[in-house]
Amino acid sequence: MLLASAVVVWEWLNEHGRWRPYSPAVSHHIEAVVRAGPRAGGSVVLGQVDSRLAPYIIDLQSMNQFRQDTGTLRPVRRNYYDPSSAPGKGVVWEWENDNGSWTPYDMEVGITIQHAYEKQHPWIDLTSIGFSYVIDFSTMGQINRQTQRQRRVRRRLDLIYPMVTGTLPKAQSWPASPASAASPAAPPCSCPQCVLVMSIKAAVADGGTGPLQPPAARKNMPPPGAVKLPPPPGPGAKPLDSTGTVRGPGKTVPSQAIRRQASSTPAGVTAGSPASPPGANGKTGRVALATLNRTNLQRLAIAQSRVLIASGVPTVPVKNLNGSSPVNPALAGITGILMSAAGLPVCLTRPPKLVLHPPPVSKSEIKSIPGVSNTSRKTTKKQAKKGKTPEEVLKKYLQKVRHPPDEDCTICMERLTAPSGYKGLQPTVKPDLVGKLSRCGHIYHIYCLVAMYNNGNKDGSLQCPTCKTIYGVKTGTQPPGKMEYHLIPHSLPGHPDCKTIRIIYSIPPGIQGPEHPNPGKSFSARGFPRHCYLPDSEKGRKVLKLLLVAWDRRLIFAIGTSSTTGESDTVIWNEVHHKTEFGSNLTGHGYPDANYLDNVLAELAAQGISEDSTAQEKD
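Residues numbered from 1 in each chain as written. Predicted model: local features only at pLDDT ≥ 70, side-chain atom pairs only at ≥ 80, totals over all residues. Heavy atoms only, no water.

Draft legend 1. Broad picture of the overall build of the protein. The helix and strand inventory of the protein stands at twelve helices and 30 strands. Within the span of the protein, comprising 619 residues, buried residues form 40% of the whole. When the accessible area of the protein is evaluated, it comes to approximately 32,900 Å², of which 55% is carbon and sulfur surface. (Helix = DSSP H or I, 4+ residues; strand = E, 2+ residues; numbered from the N terminus. Buried < 20%, exposed > 50% of the residue type's maximum accessible area, 1.4 Å probe, protein only. Areas by Shrake-Rupley, 256 points an atom, 1.4 Å probe, with all protein chains shown as cover.)

Right under this line is the structure:
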């Protein structure tokens, strides 16, 4: 037996396909729940250790991070690294982003930078690991090799990530059954499903009532929380340096021998455990169900389901175990266990996969959309019409009220029969004047309406604060960018009879203008280009035409604080929902969704965009 150790880093997958590390404190918290076993409930509430992560929960069964307020799902994984590398020493490397805060590098990048730093190299080129950056330790700066843009970097000390230690059994040390002695069999499969099935088969044959483990494994099982790591390299292998990197002549290759992923390993199963064959007679007996506790009975039901599926036996489906429908997942799971106990075969469905993008499409397959001119549209900052004062603008939409009713002005909350309670600096408007909006009929102090207009976009339009009726043409504060749109030869779920309209939004980072929250300050643009999808149906094309109007009026995006990340001064969606998930609907931003097109038409109407708007734009 060999003793080996590693540091555990929990990571989540972002929208760009990069695995981002949780902080050491969060990783320690997740590990504590994992080691507590089933009694901890299988869920990790991240807000208990970091208040900024209050909306997030990790489901250890499906290995997903769930955001409670938006329903967003992201995969997570448990990764192992060399204890002598950066996470094992509590070293964190970070770069300064556009809003002045610090973002940690991906773990493998941080390890590479730390290794060069420890070797006292003057700089490190990250091109070999897929990043076009150079880190200059003399200036503590990151240089983009293509644009020459520089950012500050820093090295700081934090907690050491959690450490795990385990035993390494020699290869092929598990006993083989007599039946396999006559003819050499292939090595046993060590995937988690086969390990689970074979361990339950062994327990059934043994007739035991304890934890379901292969008989031979009970002698050599590591303590709870221990991790089995790969065996050391053979005699011909190159040695590893302190970062887990194999050193060869003139080439650096990240070693996969030090770290292993265990994201698909179910709770209670040790990654990489070899399977144990059934008893000597090659058959498995049937253990009395009354002797099994709930956990073992559930595992038995899962194993039975997988064996039946593999053998082609018809099964009764028990769906919704992933919680994607109103059926309670716990109820579905208990139903499966009870059906198994009654001797009925059960099929446990697998959680669906997130499908963000369609299959690859060649340029020749991309077509323009019939009835829609061009395939792209740019927008720049449109200046508000000048020459008209707020009073002149409002005069078009208001009727003076000489005898106001004895009720509140819903802007200042003072009685309409009294002067306005607004205390800001105003032009020459008497505070006791009252006006009625011509279309909706709501009554306000004119003084309050002028103040509201001055605090808005000053684009010549006005929106009633009570009923949201829009007077004039409403425009927004969307930064400059590009909108592309075309047809691709794939169908969306729920729309099998038509192709798909793909919209691609591209907005670069920049400097905020006078109409934005913080004029003169830079803003970031995360996640661009953003891909969105509509069915190429009559209603789908109608939505596209109205989205083009919304784009021209700068209403699709705005600059504000992201509800997903909490980052301020960044480009965000502006109350018109888009479908960014092509082949699934796990996040609520995909298909099928029977009501989406009607809902987005209502959202566009709330922005003052309807079929009449397309005619206005042409005029």
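Draft legend 2. Here's a closer look at the sheet that holds strand S24 (residues 481-488). Spatial ordering of the open sheet is given by S18-S24-S25-S28, a layout of four strands whose pairing is antiparallel. Taken across any chain shown, the strands that pair with only one partner, and hence form the sheet edges, are strand S18 (376-379) and strand S28 (530-535). On average, adjacent strands in this sheet sit at an angle of 20° to one another, irrespective of strand direction. As defined by bridge partners, strand S25 (residues 500-506) adjoins S28 across six bridges and the pair is classed as antiparallel. Bridging from a neighbouring strand, Ile-503 pairs with Cys-532 of S28. Together, S18, S24, S25 and S28 form the strand contacts of helix H10 (residues 538-552), whose direction differs from that of S24 by roughly 170°. (Pairing = 2+ DSSP bridges. Axes fitted to C-alpha atoms, helices over the stretch in contact; angles between N-to-C directions. Contact = heavy atoms within 4.5 Å.)

Draft legend 3. Main features of the nonpolar core. Membership of the largest hydrophobic core comes to 39 residues, with the highest contact counts inside it found for Met-483, Ile-503, Tyr-505, Leu-534, Leu-544 and Leu-547. Listing elements by their share of this core, those giving two or more residues are S24, S25, S28, H10, strand S29 (557-560) and helix H11 (596-606). Ranked by residues supplied to this core, first place goes to H10 with eight residues. Residues within four places of Met-483 in sequence aside, it is in contact with Thr-375, Ser-376, Arg-377, Ile-503, Ile-504, Tyr-505, Leu-544, Leu-547, Leu-548 and Trp-551. Counting 21 residues, the second largest nonpolar core, distinct from the first, contains Tyr-397, Cys-409, Ile-443 and Leu-449. (Core = buried A, V, L, I, M, F, W, Y, C linked by side-chain atoms within 4.5 Å.)

Draft legend 4. Broad picture of the sheet that holds strand S19 (residues 398-400). As summarised here, the arrangement of the three strands in space is S19-S20-S21, forming an open sheet in which the pairing is antiparallel. Since the sheet does not close on itself, it has two edges, and those belong to S19 and strand S21 (443-445), each with one partner. Strand-to-strand, the axes of this sheet are offset by a mean angle of 40°, without reference to chain direction. Where strand S20 (residues 434-437) meets S21, three bridges bridge the pair, whose relative direction is antiparallel.

Draft legend 5. Here's a closer look at the state of the cysteines. Counted according to the given criterion, the structure contains zero disulfides. You can see Cys-409 has no disulfide; the closest cysteine sulfur is in Cys-448, sitting 4.0 Å from it. Take Cys-409: its relative accessible area is 0%, and that puts it in the buried class. Left without a disulfide partner, Cys-464 is nearest to the cysteine sulfur of Cys-467, which lies 3.6 Å away. (Disulfide = S-S within 2.5 Å.)

Draft legend 6. Local environment of the packing of aromatic side chains. The tally for this structure, following the rule as stated, stands at eleven aromatic pairs. Note on Trp-93 and Tyr-117: the rings are 5.4 Å apart at their centroids and 70° apart in plane angle, and the pair reads as edge-to-face. Pair noted here: Trp-93 is in strand S7 (residues 91-96) and Tyr-117 is in helix H3 (residues 107-118), with a separation of 24 residues, a long-range link. Here Tyr-533 and Phe-582 contribute two aromatic rings whose centre-to-centre distance is 5.2 Å and whose plane-to-plane angle is 70°, an arrangement assigned as edge-to-face. Note that Tyr-533 is positioned in strand S28 and Phe-582 in the loop between strand S30 (570-573) and H11, a separation of 49 residues in sequence. Residue Tyr-533 shares its accessibility class with Phe-582, and that shared class is buried. (Phe/Tyr/Trp six-rings, centres within 6.5 Å; stacked < 30°, edge-to-face > 60°.)

Draft legend 7. Fine view of the pattern of salt bridges. Under the definition given, this model contains 25 salt bridges. With a shortest N-O distance of 2.7 Å, Arg-377 and Asp-552 are connected by a salt bridge. Taken together, the residues span a long stretch of sequence, with Arg-377 in strand S18 and Asp-552 in helix H10 at a distance of 175 residues. Residue Lys-539 is joined to Asp-598 by a salt bridge in which the shortest nitrogen-to-oxygen separation is 2.7 Å. With Lys-539 in helix H10 and Asp-598 in helix H11, the pair connects residues that are 59 residues apart, well separated along the chain. It is possible to trace a salt-bridge network through shared partners that takes in Glu-94, Arg-154, Arg-156 and Asp-158. (Salt bridge = Lys/Arg side-chain N within 4 Å of Asp/Glu carboxyl O.)

Draft legend 8. Layout of the side chain of Asn-97. Along the chain, Asn-97 falls in the loop between S7 and strand S8 (102-104). Here Thr-103 takes part through its side chain, which lies 3.1 Å from a polar atom of the side chain of Asn-97. With residues up to four places along the chain from it excluded, the contact list for Asn-97 reads Thr-103, Arg-151 and Arg-526. (Polar contact = N/O pair within 3.5 Å; in protein donor to acceptor, adjacent residues only side chain to side chain.)

Draft legend 9. Geometry of H3. Helix length check: H3, at twelve residues, gives a terminal C-alpha distance of 16 Å against a target of 16 Å (1.5 Å per residue), a fit within 8%. Looking at H3, one finds that the buried residues are Met-107, Val-109, Gly-110, Ile-111, Ile-113, Gln-114, His-115 and Ala-116. (Expected span 1.5 Å × (residues − 1).)

Draft legend 10. Inspection of helix H9 (residues 446-454) at higher detail. Within H9, seven of the nine residues are buried, leaving the element largely enclosed by the surrounding structure. Of the residues making up H9, those classed as buried are Ile-446, Tyr-447, Cys-448, Leu-449, Val-450, Ala-451 and Tyr-453. Next to the buried residues of H9 lie helix H8 (390-395), S19, S20 and S21.

Draft legend 11. Representation of the confidence of the model for the protein. Summary statistics for the protein give a mean pLDDT of 74 and a share of 66% for residues scoring 70 or more. Across residues 167-197, confidence stays below pLDDT 50; counting only partners more than four residues off in sequence or on other chains, it has 49 contacts. With pLDDT under 50 throughout, residues 304-330 is counted as low confidence; its partners more than four residues away or in other chains account for 47 contacts. (pLDDT = per-residue confidence, 0-100.)

Draft legend 12. Structural context of the environment of Lys-579. Counting through the fold element by element, Lys-579 comes out in the loop between S30 and H11. Separated by 14 residues in sequence, Lys-579 and Asp-593 have C-alpha atoms that sit 9.6 Å apart. Setting aside its immediate chain neighbours within four residues, Lys-579 contacts His-531, Cys-532, Tyr-533, Asn-585, Gly-588, His-589, Gly-590, Tyr-591, Asp-593 and Tyr-596. Only 3.1 Å separates the side chain of Lys-579 from the backbone oxygen of Gly-590, close enough to count as a polar contact.

Draft legend 13. Region of the structure containing the pairing of S20. Pairing geometry for S19 and S20, over three bridges, is antiparallel. Across the sheet, residue Gln-399 finds its bridge partner in S20, namely Lys-436. Hairpin geometry of S20 and S21 is characterised by an intervening segment of five residues between the two adjacent antiparallel strands and by a positive phi of about 85° at Gly-441.

Draft legend 14. Looking closely at the packing of H10 against H11. Two numbers describe how H10 lies on H11: the axes approach to 10 Å, and their chain directions differ by 25°. The orientation of H10 relative to H11 falls into the category roughly parallel. Of the two possible hands of crossing, H10 and H11 adopt the one that is left-handed. Between H10 and H11, the contacting residues are Lys-539, Gly-540, Lys-542, Val-543, Leu-546, Leu-547 and Ala-550 on the first element and Leu-597, Asp-598, Val-600, Leu-601 and Leu-604 on the second. (Parallel < 35°, antiparallel > 145°, perpendicular 65-115°, else oblique. Left-handed = near helix turned anticlockwise from the far one by under 90°.)

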